[in-house]
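# Working through the structure, step by step
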Amino acid sequence: MTAPTSTATAVGQDLARLDGRPKVTGSARYSTEVPAPGAAHACLVGSRIAAGRVLAVDAEAARAEEGVLAVLTHENLPGIAEQPPLVPSLAGTAAPGQTFFPMQDDTVHYAGQHIAVVVADTWERARHAAHLLRISYEETPATTTFEQGRDQAYVPERIFGGWLPGRISRGDADAGLAGAELRVDAAFTFAANHHNPLEPSCTTAWWEGDELVLHDATQGVNATQITVARLLGIPRSRIRVIGHYVGGSFGSKAMIHDHPALAALAARAVGRPVRLALTREQMFTSVGHREEQEQQISLGATREGRLTAIRHHKLSPTSHFDDWAEPSIGVSAQLYACPHFDGVYRLFRANTMTPTFMRAPGEASGLFALECAMDELAHELGLDPVELRLRNYADASPMTGQPWSSSGLRECYRRGAARFGWQDRDPRPGVRREGDWLIGTGMAAAGYPVAPPPTPQRARARLYDDGTAVVQAATPEFGTGVVTAMTQVAADALGMPVGRCRFEGGDTALPDIAAAVGSSGAGMISAAVHSAGTALREQLVALAVADRGSPLYGRDPAEVAVRDGVMRAGSAAESYAGLLRRTARPDAEATGSWQPDSGAPYAMMTFGAQFAEVAVDPELGLVRVRRMTGAFAPGRVINPRTARGQLMSGMLWGLGQALLESNRMRPGTGRWTHASLGSYLVAVNADAPEVEVELVEVEDTVVNPLGVKGVGEIGQVGAAAAIANAVHHATGRRVRQLPITVEALL
Ligand code: MOS
């Protein structure tokens, strides 16, 4: 018997964001805006030094201030129960941002490390009192620079919370490079990048007896729940985490940093709800960052432009307690057919917090290096850069030999190039001029792994006898459009119009969904929602065909199609609502669960191609990106409008990565040079050129039931490389650093 069918109509529609109105009218409540009568405010205090210990915190003046309720330091903060290991939040386990929890003793490992929490009845009083703390330190020399760290670098066994190996290799890269007819060797440097979503991280916490309620800005309410449960040593079942609206995240709220647990401890200490919001400045010291890094690439090729070997090495600082590197080498190992590959991560310990996920964590930096080197190779060979990439197209993973579950990369090259107008390009660098401006175009390939979660993902669907449905899963709306997209998925699975379905998420009281990281959200949540909606549809159809009172009585469920909430087989029909009312059922409910097939013999990756046109003023060192075209193959597109928004914003972040975003630790002090949006520059509307997004839909029957590969990060991958390659085309100059600064072009 085949399952009864619904006639899909909602998926693929340009539905406007359902969270748009509450957001623009201000009725959307973020985590520190939720009602919490009597709430006090907590202000975090960060260490002034980068290494050493806290000798004393004199809090007398602070405690004497009106309205001050508590000053918590290592001397009086209750100890945590357990420090969970660092595991990416997609695993569905505890996911602390680092394996160091502050204020357990007097040690200081990095500047800005939380060393006190001041709680007062208002934010202003808490902040004022925080300034009154007199903190004395014993300072020891800090490691803050590559010069200090280079010699002590080591190759870690695993990186990225233990998920990935410190080395990736196949074949014999040395031999492949030695035997190459042509070789490109290039070294790249990258400034550190910091997280600046609109909403800084924040938590409101209160206790109801021994039950804890947290409203938290998070990518995964259950990641917060499980992590805080372990840290505080209380059962997960006693913690409810809610996060309905989250003002952007991009990885800053993927791992669970220490502030939700600190908010809970502060609330217990003062016996009132506590709101804890990071300041913009604290976003630079409290939620991780994309680490400063150096990468070296060597490409070997034949005269025909076939890659013989790729060597990709990376060096970056990590914290004193965790081996974290964003996986900059993983995609290089898989993007091109090439027999020999050697990838190595090297780390050195520095006085920094553990770096973390930041949009396209690793891919955005790694493919900058690889795709700039490929452009150099194309130039050396006198080959068109698109043609070089086509000649090295991999129709299976070069690491495992497994075929892609779907690709679409060749279509991305073809359609992206056509839309951009690539074919008209004069390949010679430095020949197009408009007044003071040199004009150039460049391109790059993009790849981002598809990482299904290892745990089952669940959702629940309920239909009421008024003919409306609610579908629920724990995922928060952190700006991606997930609530809108999941309403569409639910509508199709149930066979109902979108307007009669509602999606609710952002609450651990709802069925479990892993934290939405690694572009996994749309795929895994749609799988759970589809499964719940389908289960409920099948339940209702089964009810109807078994019910003597139904016009559908005796029909084969396989002949029953559902549309607009009406079940039909031939001329017989009954609506869901009619069935429920007739049988005196106020509602019907089903849960659905999905777990990826970890044994599927396929490699899974999302592909794309980026094109950019720049104007460079060589006298002033200015770069203006004039237009960008990105073609991406993210599997099935649930909502083209929200998908385009994700991809376009990723491309614009790539522009920021290419030209603007930069941070460095100051030698000696270990403090970040930039800790505000006044000097840490992010791309804004005035920087935004014309951006075109080409969606190349590919069918994928492996990744998840709807074939959704995700659009959260692929838009950023390769964008900076396309811009740098365009700068070379404009000027003849290779800039092998990010960001590309004015000085680098003078
Ligand atoms: Mo994304 S950087 O994995 O939250």
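Residues numbered from 1 in each chain as written. Predicted model: local features only at pLDDT ≥ 70, side-chain atom pairs only at ≥ 80, totals over all residues. Heavy atoms only, no water.

Naming follows an unreviewed UniProt entry, where the chain appears as Xanthine dehydrogenase YagR molybdenum-binding subunit of Streptomyces qinglanensis.

Before going further, it helps to examine the pattern of salt bridges. Counted under the stated rule, the structure contains 40 salt bridges. For the salt bridge of Asp-210 with Arg-238, the shortest nitrogen-to-oxygen distance reads 3.8 Å. Of this pair, Asp-210 sits in the loop between β13 (202-208) and β14 (211-216) while Arg-238 is found in the loop between α6 (221-232) and β15 (239-242), placing the two residues 28 residues apart along the sequence. The class of Arg-238 is partly exposed, set by a relative accessible area of 33%. A salt bridge links Glu-411 to Arg-415; the shortest N-O distance between them is 3.8 Å. Of this pair, Glu-411 and Arg-415 are both found in helix α11 (residues 409-420), 4 residues apart, which corresponds to roughly one turn of the helix. On the basis of relative accessibility, which here comes to 29%, the residue Glu-411 falls in the partly exposed class. (Salt bridge = Lys/Arg side-chain N within 4 Å of Asp/Glu carboxyl O. Helix = DSSP H or I, 4+ residues; strand = E, 2+ residues; numbered from the N terminus. Buried < 20%, exposed > 50% of the residue type's maximum accessible area, 1.4 Å probe, protein only.)

To continue, consider helix α16 (residues 719-731). An α-helix turns once every 3.6 residues. As a result, residues three or four positions apart point the same way. When the terminal C-alpha atoms of α16 are compared, their 18 Å separation across 13 residues agrees well with the 18 Å that a helix rising 1.5 Å per residue should span. In terms of burial, α16 is a largely internal element, 12 of the 13 residues being buried. Of the residues making up α16, those classed as buried are Ala-719, Ala-720, Ala-721, Ala-722, Ile-723, Ala-724, Asn-725, Ala-726, Val-727, His-728, His-729 and Ala-730. Backbone geometry just downstream of α16 places Gly-732 in the positive-phi region, at approximately 80°. (Expected span 1.5 Å × (residues − 1).)

What follows concerns helix α15 (residues 640-659). The end-to-end C-alpha distance of α15 is 28 Å, a good match for the 28 Å that 20 residues give at a rise of 1.5 Å each. Most of α15 is tucked away, with 15 of its 20 residues classed as buried. Two or three places before Arg-641, at the opening of α15, Asn-639 has a side-chain oxygen 2.8 Å from that residue's backbone nitrogen. (Polar contact = N/O pair within 3.5 Å; in protein donor to acceptor, adjacent residues only side chain to side chain.)

Cis rather than trans, the peptide bond between Leu-738 and Pro-739 has omega equal to -5°. Residues other than glycine seldom take positive phi values, yet Asp-564 does so here, at roughly 55°. Residue position: Asp-564 is located in the loop between β26 (561-563) and β27 (566-569). Given the relative accessible area of 44%, Asp-564 is considered partly exposed. Residue Ala-584 is not a glycine yet carries a positive backbone phi of 60°. Look at Ala-584 and you get exposed, because its relative accessible area is 67%.

Moving on, we come to the UniProt feature "domain: Aldehyde oxidase/xanthine dehydrogenase a/b hammerhead" (unreviewed entry) in the chain. UniProt's entry tags residues 25-141 with the feature "domain: Aldehyde oxidase/xanthine dehydrogenase a/b hammerhead" (unreviewed entry), counted in the numbering of this structure. Secondary structure within residues 25-141 divides into 14% helix and 30% strand; the distance between the first and last C-alpha atoms comes to 51 Å. (UniProt positions renumbered as here; feature names shortened; annotations may be inferred.)

The subject of this paragraph is the nonpolar core. Membership of the largest hydrophobic core comes to 154 residues, with the highest contact counts inside it found for Leu-299, Leu-377 and Met-567. Each residue touching Leu-377, except ones within four places of it in the same chain, is listed here: Leu-182, Val-184, Leu-299, Ala-301, Leu-307 and Leu-388. (Core = buried A, V, L, I, M, F, W, Y, C linked by side-chain atoms within 4.5 Å. Contact = heavy atoms within 4.5 Å.)

As a further point, take the sheet that holds strand β6 (residues 114-120). Read across the sheet, 7 strands follow the order β4-β6-β2-β16-β13-β14-β15 without closing on themselves; strand pairing throughout is mixed. The sheet terminates laterally at β4 (68-73) and β15, the two strands that pair on one side only. Between one strand axis and the next, the sheet turns by 20° as a mean value, whatever way the strands run. For strand β2 (residues 40-46) and β6, the ladder comprises 6 bridges, and the chain directions are antiparallel. (Pairing = 2+ DSSP bridges. Axes fitted to C-alpha atoms, helices over the stretch in contact; angles between N-to-C directions.)

With that settled, consider the environment of Asn-196. Its location among the elements puts Asn-196 in the loop between β12 (193-194) and β13. Residue classification places Asn-196 among the buried positions, given a relative accessible area of 18%. Considered as a pair, Asn-196 and Arg-568 are 372 residues apart in the sequence and their alpha carbons are 51 Å apart. When sequence neighbours within four positions are dropped, the list of residues in contact with Asn-196 reads Arg-280, Phe-284, Leu-677 and Tyr-680. At 3.0 Å, the side chain of Asn-196 forms a polar contact with the side chain of Arg-280.

We now examine the pairing of β14. Among the 6 residues in β14, 5 count as buried, and that is most of the element. Pairing of β13 with β14, which is carried by 6 bridges, proceeds in the antiparallel orientation. Directly across from Thr-203, in β14, lies its bridge partner Asp-216. In sequence, β13 turns back onto β14 through a hairpin of 2 residues, with Gly-209 there showing a positive phi of about 65°. Relative to β15, β14 runs parallel, the two being bridged by 4 bridges. Residue pairing for β15: Val-213 is matched across the bridge by Arg-240.

One pass over the structure, following the stated rule, counts 14 aromatic pairs. Here the aromatic rings of Phe-190 and Phe-368 are separated by 5.8 Å at their centres, their planes lie at 80°, and the arrangement is edge-to-face. Of this pair, Phe-190 sits in strand β11 (residues 182-190) while Phe-368 is found in helix α9 (residues 363-381), placing the two residues 178 residues apart along the sequence. Accessibility assignment for this pair places Phe-190 and Phe-368 in one class, buried. Stacked on the ring of Tyr-393, the Lys or Arg Arg-410 has its end atom at 4.0 Å from the ring centre. The cationic tip of Arg-627 hangs over the ring face of Phe-420; the distance from NZ or CZ to the ring centre is 4.0 Å. (Phe/Tyr/Trp six-rings, centres within 6.5 Å; stacked < 30°, edge-to-face > 60°. Lys NZ or Arg CZ within 6 Å of the ring centre and 35° of its normal.)

Mapped onto the elements, Asp-375 comes out in helix α9. When near neighbours in sequence (up to four residues on either side) are disregarded, Asp-375 contacts Pro-385, Arg-389, Asn-725, His-728 and Arg-734.

Ordered in space as β10-β20-β19-β18-β11-β33, the 6 strands form an open sheet in which the pairing is mixed. If you trace the sheet from one side to the other, it starts and ends with β10 (167-170) and β33 (737-738), each paired once. Note that β10 and strand β20 (residues 340-349) share 4 bridges and pair antiparallel. Following the sheet pairing, Arg-167 is matched in β20 by Val-344.

Here we take up the state of the cysteines. Counted by the stated rule, this structure contains 0 disulfides. Here Cys-372 is not cross-linked by a disulfide; its sulfur's nearest cysteine counterpart is in Cys-338, at 18 Å. (Disulfide = S-S within 2.5 Å.)

What follows is about the packing of α9 against α16. Running from N to C, α9 and α16 cross one another at 35°; their axes reach a closest spacing of 8 Å. For the pair α9 and α16, the sense of crossing is right-handed. Touching Leu-367, Phe-368, Glu-371, Cys-372, Asp-375 and His-379 of α9 are Ala-720, Ala-721, Ala-724, Asn-725 and His-728, all from α16. Across the contact of α9 with α16, the residue classes break down as 6 nonpolar, 3 polar and 2 charged. (Left-handed = near helix turned anticlockwise from the far one by under 90°. Nonpolar A, V, L, I, M, F, W, Y, C, P; charged D, E, K, R; others polar.)

Looking along a regular strand, one sees the side chains alternate between the two faces of the sheet. Summarising burial for strand β32 (residues 690-695): 5 of the 6 residues are buried, a large majority. Bridge analysis of strand β31 (residues 622-633) against β32 gives 6 bridges, and the strand direction is parallel. Counterpart to Phe-632 in the pairing with β32 is Leu-695. Traced from β31 through α15 to β32, the parallel crossover comes out right-handed. (Right-handed = clockwise from strand over helix to strand, strands pointing away.)

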